[in-house]
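Observations on chain architecture
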Amino acid sequence: MALIEVKQLKYRYPHTEKLALDGIDFTVEKGEFIGVIGENKAGKSTLCQAFVGLVPSMFRGAYGGKLFVDGMEAGKTPVAELCRHVGLVFQNPFNQLSGAKETVFEEVAFGLQNLGIPRGEIIRRVEDNLARLDITEYRNRNPFDLSGGQTQRVAIASILAMEPQVIVLDEPTSQLDPQGSEEVFKVVEALKHTGITVLMVEHKMEKLAEYCDKILLMHEGKQIAYDTPEQIFSRDDLDKYGIQPPVYTRVSKTLNISKSEWENKEYPVTLSQIVELKEDFPKKLTGRTRLEYRGDEKQEELFDIQDLEFGYTSQKLVIQNLSLQLSKNPTALIGQNGAGKTTLVKLLKGLLKPNSGRILLNGEDISGKSVAKLAGMVGYVFQNPDDQIFKTRVMDEVMVGPLHIGMSKEMATEKARWALEMVGMSHWEQENPYDLDLSERKMVAIASVIAMEPKVLILDEPTIAQDDRGRKVLGSIIKKLSENGVFVLAILHDMDFVAEYFDRVIVMAHGEVISDGPKESVFYEKESLTLARLEQPHMARLCEALDYEGIFLTVEDLKDKGRE
Amino acid sequence: MKSISLYVDQDTFLTRLHSFSKLYYIVVAIIIPLIGGSLGLYGLCLGLSFCLIIAGRIVKRVLPLIAFSFTIILTVFLIHGLFNQENEQILFSLGPLIFYQEGLLYATKIGLNILNMLLAFAVFVLTTRPAVLVDDLEQAGFSPRFGYMISSVFQIIPQMMGTMNTIMDAQRSRGLETEGNLLVRTRAFIPLISPVVNSSLINTRERAIALEVRGFDSKQKKTFLQDHKLQREDKLFMAFMTILLIGSVIWRITTWL
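Residues numbered from 1 in each chain as written. Chains lettered and ligands numbered in written order. Predicted model: local features only at pLDDT ≥ 70, side-chain atom pairs only at ≥ 80, totals over all residues.

Let's shift gears to the overall build of chain B. Helix and strand counts for chain B stand at nine helices and two strands. Helices and strands appear in chain B in the N-to-C order α-α-α-α-β-β-α-α-α-α-α. The proportion of buried residues among the 257 residues of chain B is 27%. Counted over contacts in chain B with a minimum sequence separation of 6, partners at least 24 positions apart contribute 70%. (Helix = DSSP H or I, 4+ residues; strand = E, 2+ residues; numbered from the N terminus. Buried ≥ 20, exposed ≤ 12 C-beta atoms within 10 Å, placed from the backbone. Contact = placed C-beta atoms within 7 Å.)

The helix and strand inventory of chain A stands at 21 helices and 20 strands. A compact globule built from 564 residues would reach a C-alpha radius of gyration of about 24 Å, and chain A, at 25 Å, matches this within 12%. Each principal axis of the C-alpha distribution contributes one length, and for chain A these read about 70 × 60 × 50 Å. A burial count over chain A gives 52% of its 564 residues as buried. (Rg over C-alpha atoms; globule rule 2.2 N^0.38 Å.)

Let us now look at the sheet that holds strand β19 (residues 504–509) of chain A. All names here are of chain A. Spatially, β16-β17-β18-β13-β19-β20 is the arrangement adopted by the six strands of the open sheet, whose pairing is mixed. Both edges of this open sheet fall to β16 (378–381) and β20 (512–518), since each of them pairs with a single strand only. Each strand of the sheet is rotated relative to its neighbour by a mean of 15 degrees, with strand direction disregarded. Note: strand β13 (residues 331–334) against strand β18 (residues 487–491), three bridges, orientation parallel. Across the sheet, the residue bridging to threonine 331 is leucine 489, located in β18. (Pairing = 2+ DSSP bridges. Axes fitted to C-alpha atoms, helices over the stretch in contact; angles between N-to-C directions.)

Taken together, the contacts link 53 residues of chain A with 47 residues of chain B. Every element with two or more residues in the side of chain A that touches chain B is listed here: α3 (79–82), β6 (86–89), α4 (104–114), α5 (119–132), α13 (371–374), α14 (394–404) and α16 (438–450) of chain A. The greatest single-element share of the side of chain A that touches chain B, amounting to six residues, is contributed by α4(A). Residues that form the side of chain A that touches chain B fall into these classes: 28 nonpolar, 18 polar and seven charged. (Nonpolar A, V, L, I, M, F, W, Y, C, P; charged D, E, K, R; others polar.)

Below, the discussion takes up the domain arrangement of chain B. Partitioning chain B into domains gives domain 1 (13–128 + 229–256) and domain 2 (134–213). Taken over C-alpha atoms, the centre of domain 1 of chain B sits 36 Å from the centre of domain 2 of chain B. (Domains from an automatic or database assignment.)

Residue and element names in this part refer to chain A. In contact at an axis separation of 7 Å, α14 and α16 are set at 40 degrees when each is read in the N-to-C sense. Considered as vectors, α14 and α16 are oriented oblique to each other. In this structure, the crossing between α14 and α16 has a hand that is right-handed. Residues Val394, Glu397, Val398, Val400 and Gly401 of α14 touch α16, and the partners they reach there are Val444, Ala447, Ser448 and Val449. Its residues assigned to classes, the contact of α14 with α16 shows six nonpolar, two polar and one charged. (Parallel < 35°, antiparallel > 145°, perpendicular 65-115°, else oblique. Left-handed = near helix turned anticlockwise from the far one by under 90°.)

Moving on: the domain arrangement of chain A. All names here are of chain A. Segmentation of chain A into domains returns domain 1 (4–246) and domain 2 (303–538). A separation of 32 Å is found between the C-alpha centroids of domain 1 and domain 2. The partner domain 2 presents 14 residues to the 14 residues of domain 1 that form the contact. Partitioning the side of domain 1 that touches domain 2 into residue classes produces two nonpolar, eight polar and four charged.

Residues and elements named next belong to chain B. Mapped onto the present numbering, the UniProt feature "transmembrane region" (unreviewed entry) falls on residues 23–55, 62–83, 114–134 and 236–254. End-to-end, the C-alpha atoms of residues 23–55 are 17 Å apart, and along that stretch the chain is 94% helix and 0% strand. With 100% helix and 0% strand, residues 236–254 has end C-alpha atoms that lie 27 Å from one another. (UniProt positions renumbered as here; feature names shortened; annotations may be inferred.)

One recurring pattern in soluble globular proteins: nonpolar side chains tend to sit buried together. Of all hydrophobic cores here, the largest spans 183 residues; its most connected members are Phe51(A), Val52(A), Val168(A), Ala447(A) and Ile458(A). If one sorts the elements of this core by residue count, α16(A) sits on top with seven residues. The contact partners of Val52(A), leaving out residues within four places of it in the chain, are Val79(A), Leu82(A), Cys83(A), Val86(A), Leu88(A), Val168(A) and Val213(B). The next biggest cluster of nonpolar side chains, apart from the first, holds 20 residues, and it includes Ala29(B), Leu41(B), Leu52(B) and Phe237(B). (Core = buried A, V, L, I, M, F, W, Y, C linked by C-beta atoms within 7 Å.)

Residue and element names in this part refer to chain B. Direction vectors running N to C along helix α4 (residues 59–83) and helix α5 (residues 101–125) enclose 160 degrees, while the axes themselves pass 9 Å from each other. Here α4 is positioned roughly antiparallel relative to α5, judged by the angle of their axes. For the element pair α4 and α5, the recorded crossing hand is right-handed. Contacts between α4 and α5 pair Val62, Leu65, Ser69, Ile72, Ile73, Val76, Phe77, His80, Gly81 and Leu82 from the former with Gly103, Leu104, Tyr106, Ala107, Ile110, Gly111, Ile114, Leu115, Leu118 and Ala122 from the latter. When grouped by side-chain class, the residues that make up the contact of α4 with α5 number 15 nonpolar, five polar and no charged.

What follows is about the pairing of strand β1 (residues 4–12) of chain A. All names here are of chain A. Pairing of β1 with strand β2 (residues 21–28) involves six bridges; the strand directions are antiparallel. Counterpart to tyrosine 11 in the pairing with β2 is leucine 21. Both β1 and strand β4 (residues 62–69) contribute to a ladder of seven bridges, which runs antiparallel. Across the sheet, residue tyrosine 11 finds its bridge partner in β4, namely tyrosine 63.

The topology assignment puts Met200(A) in strand β8 (residues 197–201). For Met200(A) and Phe523(A), which are 323 residues apart along the polypeptide, the C-alpha to C-alpha distance reads 30 Å.

Now the structure itself:
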């Protein structure tokens, strides 16, 4: 008998009409690594919660079908019992902390204490898992003081210490920076070799393709397919389900290079599979020939930053001696956490005041203006939408900003409608923002700033929690606003997204700008990327593995091949 | 993270003492003068607390507390010294203000009581880690839910205070004026409350899931990482306090006779 058997699983949340899970049916053998993909609201998280019995025991609602883990029926076993066999790790690292323990050691021990495991055994398991996740050095730190990546590792350690047979990971890296994600993926990769059965929901298809034995494709609560990564990503209808296959598959599809020439074409899904087929790829490709932006072009300057210095305390400077001119090309600010990116944009927004140096906006020093006075000119969308949403209707929320900066009610309504349409949320006007999911709340937050018609739009990590469709909407917002003369400046961790939608890239490390220019050149300055601990976009890495000499940033660049 | 607990992390006789011994101390120190009924017993308890505070190396932390309590005690002296119903005997006068003996005596008792309680609590609060207290309570049979409630307050409130600053920035960014006169600032406060409450509610829901999957609801008897049994020092300390307590009862009886 398989370790996991899901039979015609159906579930509906209370007070809703649509099934959140509709006839899910698959089996998993012990030690397999299963990926779960689908756009937001496809039912992925609900499925994860069904695995630990939270659906239906905690959420109630209508439940049908069966889910067996090692012979136990998840719907009928108490969560407190099931949690010994199935562990769950989810997105937000901080909300997974018990909130009652003062040190990492005690946090990891918490679950074991609840289960009444003998003390000696607890200490052994905690020590083992601290070492396994490389967090032994933080054992006496307060878990709330750690970074996102570190906290997520504490969460995983806490679950692994309970020694479950199955671990369910629900987008464990979606709220982490690239270094944090990398830390977590390393752990996940190590798990693959321990014989534990893993179920992972993830939007990073390149990673899933690398790890998974099988992938479950879901859409609107239904199971569309359950097959090998090669089979799943070679499908022609993925667009319909809001899935973008790994860049490796997209490239192979564009060039029509497949692994097998049967009816059922299988395209490569990982870099190593591509390298195996290297012979089939064209010997030479030229890549992108036109630059969208040239650094030396004389353009109207919007921001002129002169000798900026800033520190939260007098001892340690976060921004040192920074001079920078910003004009209207869409600009991405990249770098690791702690590089000073958020501090810099907060200075531009006037939320922080420089220790020394000046920031000129259209030739005028911003230091004399209050944040509220600057609001109409410089818009700033925070990383976490819940920090700003306070109205109970989406429309009201979006109108707050325009009303604050002195627009009439009619005008504010008109602008709010326009902004909601731009972020694709028009049909949610009357909803309560708190009934929406995180990606939608993020769109509401963006709309609420766009509606003020600022000349500058600053976005802090807009792609977090967005699926492929959300990313495309974001991309179109950036394009449209730039065309309308708005300067878009975004802090981003997603290099593929930067390569696709931005012209200028500024790399920051330790409070300094270490590289700045058109993306076509910055993404090929490997030294500064390494220094900032960043990676090239997937496409650039792929084409390098194939020994192509030109500049490749997106799959579209392959299509330039005929234009020479 | 900034802690809201007043606990001073150091290794002293007092921090090693069991939390129940210190709780017992609070009770005894407060009731001895009440039972004994003499001002001298206040002196005894205050002296005892001072000795413990010095031994526990927490004098620096206690001084501001005392300074704060003096503002309250002073008010009590003014009110009772001037206006107590039983005032008859004039003690002294400062310009138009006439102070009476009865009121001042009453105020002295109240003042000493406040000071006594404050110091006894300081001995406990400044030398007991909240987590240890919770552990001790749970081992003594309190439910883990009750324990969780206490300890989560110490973790979650500082976290909420951190969120508050971000929320303020987010609202200012959308043109909410937070600088200016009192009216402007009061009005600016409202949009801050609901994101704080709402995001805490969202966090709470997720945290509930986190607790469930860590077996918080398990029927098993919980394991404790440390046994907090009463040590020899605790027993001696509590015996000494009991003797003082009995002493004060005898004192009271003999003064009656």
